[in-house]
Amino acid sequence: MSAVLLDGEAVAARVRAEVAERTARLRRMGVTAGLGTILVGDHAPSARYVAMKHADCAAVGIASIHEHLPATATQEEIEAVVARFNADDRVHAYLVQLPLPEGIDTERVLLAVDPAKDVDGLHPVNLGRLVMGAPGPIACTPAGIVELLAAFDVPVEGRHVVVIGRGLTIGRPLALLLAMKRPGCNAAVTVVHTGVKELGPLVREGDVVVAAAGQPGIVTADMVKPGAAVVGAGTSWQGRRLLSDVDDAVAEVAGFITPRIGGVGPMTRAMLLRNAVAAAEAAAGVRGSAHAAQPGSWGRRITPQ
Ligand code: GUN
């Protein structure tokens with residue numbers, strides 16, 4: 001079997017076009033949507049990620065407000081920037097790029113972020129809203145995965161999704177989302193992780209499998225039900241080589257599969273933009289504004305040509 005490629009770049013391009021329309025509408029109201037970033041230290045991959053986010057913002061008409069602190073910045077200095085961004089009306093949403101340098105209490109910093117400006121959707125208030133099914137920003141990678149599956153009409157509702165990984169940024173919020181009674185979700189969800197003795201029999205039950213463990217090749221072809229959709233969301237680096245949680249041979253068994261590059265990554269970045277414009281719309285009093293992964297956002301199919 002040759003799997004259909006879940007082309008995240010194509011879907012992300014549609015999402016960016018939607019965000020660009022929304023920022024244009026805000027501009028006509030006299031509002032420039034603004035995304036803030038806080039980078040501490042000189043961790044090269046973090047600096048690259050932040051630069052990419054700024055480039056994405058520029059492409060869709062979102063202004064970037066960047067603060068770069070030295071690696072020697074103290075807890076108080078970082079929190080002072082957080083307080084400034086909370087109070088700055090130009091910054092509708094922002095993120096503190098992780099990881100923070102050793103010795104910094106990351107949780108304390110993240111707790112200080114105004115939940116209304118939390119573009120990552122990872123503030124405890126927003127995770128709590130997700131648990132309750134209340135509106136709010138949703139973590140970008142889970143939101144992007146649901147959007148990607150919907151865009152390709154992968155059957156999810158009423159099906160069995162196996163999520164491999166229970167991390168706070170992907171596995172845990174994704175499992176909550178997929179189990180909710182919403183378009184593109186409403187699935188039976190099993191979460192498996194490194195504490196599970198035998199993954200194979202459980203993963204093989206999945207009509208959809210999302211690998212978010214960060215363990216290269218953890219999903220092998222023999223674990224996948226023929227025709228299943230397989231999403232590789234966990235990555236790790238071997239030197240400069242990006243490794244996937246999904247073994248290449250899985251493409252011979254799966255019905256749908258994400259490419260190693262251009263699958264989930266572009267979707268995560270696109271959802272960040274959608275969360276940012278939604279925060280700007282909320283601040284401007286636009287009614288019916290949709291965060292990433294809210295009813296009415298992924299309810300609209302974005303089918304690549
Ligand atoms: N570091 C790596 N990925 C991310 C992300 O999505 N958000 C934040 N804040 N930091 C990161």
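Keep in mind it's a predicted model, so treat the numbers as computed, not measured. Counting restarts for each chain: residues are numbered from 1 in the order of the written sequence. pLDDT decides what is reported in this predicted model: residues at 70 or higher carry local features, side-chain atom pairs at 80 or more are listed and counted, and totals for whole chains, interfaces and linings draw on all residues regardless. With hydrogens and water stripped out, all remaining heavy atoms of the structure feed into the side-chain values.

Visitor: So what's going on with the overall build of the protein? Which residues, and what values?
Guide: Segments assigned H or I by DSSP are reported as helices when at least four residues long, segments assigned E as strands when at least two residues long, and all are numbered from the N terminus. Scanning the protein from terminus to terminus reveals nine helices and 11 strands. Oriented by its inertia axes, the alpha-carbon framework of the protein measures out at about 50 × 45 × 35 Å. Working definition: with a 1.4 Å probe on protein chains only, accessible area under 20% of the residue-type maximum means buried, over 50% means exposed, and in between means partly exposed. Taking all 305 residues of the protein together, 52% fall into the buried category. Put simply, of all contacts in the protein between residues at least 6 apart along the chain, 72% involve residues at least 24 apart. Accessible surface is estimated by sampling points in the Shrake-Rupley manner with a 1.4 Å probe; for residues, cover comes only from the protein chains shown. When the accessible surface of the protein is totalled, it reaches about 13500 Å², and 55% of it is carbon and sulfur. Residues are treated as being in contact if the distance between any of their heavy atoms lies within 4.5 Å.

Visitor: For a nonpolar patch on the surface, give the residues involved together with the corresponding values.
Guide: A cluster of nonpolar side chains, namely Tyr49, Met52 and Trp237, defines an oily patch on the protein surface of about 320 Å² accessible area. As for its position among the elements, Met52 is in helix α2 (residues 44-60). Patches were defined on residues exceeding 30% relative accessible area and lacking a salt bridge, with like-charge contacts within 9 Å and nonpolar side-chain contacts (Val, Leu, Ile, Met, Phe, Trp, Tyr) within 5 Å. A carboxyl oxygen of Asp or Glu within 4 Å of a side-chain nitrogen of Lys or Arg is what we treat as a salt bridge.

Visitor: I'd like to hear about the sheet that holds strand β7 (residues 208-211), residue by residue, with values.
Guide: Sheets are built from strands paired through backbone hydrogen bonds, the pairs being either parallel or antiparallel. At least two DSSP bridges between two strands are needed for those strands to be called paired. Strand order in this open sheet of six strands is β1-β11-β8-β7-β5-β6, and the pairing throughout is parallel. Looking at strand neighbours, the two that pair on one side only are β1 (4-5) and β6 (188-192), the edges of this open sheet. Here strand β8 (residues 229-232) pairs with strand β11 (residues 256-257) via two bridges, running parallel. Its bridge partner lying in β11, Val230 is registered against Ile257.

Visitor: Any chance you could break down the sheet that holds strand β4 (residues 93-96) for me, citing the residues and the numbers?
Guide: Read across the sheet, three strands follow the order β3-β2-β4 without closing on themselves; strand pairing throughout is parallel. Two strands bound the open sheet, and with one partner strand each, they are β3 (63-69) and β4. The average undirected angle you get between the axes of adjacent strands in this sheet is 15 degrees. Across the sheet, α2 lies against β2 (34-40), β3 and β4, angled at about 170 degrees from β2, the strand it touches most. A fitted line through C-alpha atoms serves as each axis, taken over the contacting stretch for helices, and the angle formed by two N-to-C directions is quoted from 0 to 180°.

Visitor: Describe the site of the ligand, naming the residues involved and giving the relevant values.
Guide: For this purpose, a residue is taken to be near a molecule or strand whenever a single non-hydrogen atom of the residue falls within 4 Å of it. As a structural note, the neighbourhood of the ligand is formed by Lys53, Leu95, Val96, Gln97, Leu98 and Asp120. Between a nitrogen atom of the ligand and a main-chain N or O atom of Leu98, the distance comes to 2.8 Å. Pairs of N or O atoms are called polar contacts if they sit within 3.5 Å, as long as, within protein, a hydrogen donor faces a hydrogen acceptor (for residues adjacent in sequence, only side-chain-to-side-chain pairs). Between a nitrogen atom of the ligand and a side-chain N or O atom of Asp120, the distance comes to 2.7 Å. Starting from 280 Å² of accessible surface for the ligand in isolation, the protein chains cover 67%.

Visitor: Please provide a residue-by-residue account of the confidence of the model for the protein, values included.
Guide: A score between 0 and 100, pLDDT records how confident the predictor is in each residue. For the protein, the average pLDDT comes to 93, and 94% of its residues sit at 70 or higher. Here residues 293-305 is a poorly scored stretch, pLDDT under 50, and it has 43 contacts once near neighbours within four places are set aside; other chains count.

Visitor: I'd like to hear about the layout of surface pockets, residue by residue, with values.
Guide: Put plainly, a pocket is an open set of points on a 1 Å grid over the protein atoms alone with protein on both sides within 12 Å along at least five of seven lines, a cavity is a set where a 1.4 Å probe fits but cannot get out, and a lining residue has an atom within 4 Å of a point. Grid points are joined across faces, edges and corners, and a volume is the space filled by probe spheres set on the points. Of the volumes computed, that of the largest pocket is approximately 1800 Å³. Together, 49 residues line the largest pocket, and Tyr49, Thr141, Thr235, Gly265 and Thr268 are the ones closest to its centre. Only α2, β4, α6 (140-151), β9 (235-238), β10 (241-244) and α9 (264-284) provide two or more residues apiece to the lining of the largest pocket.

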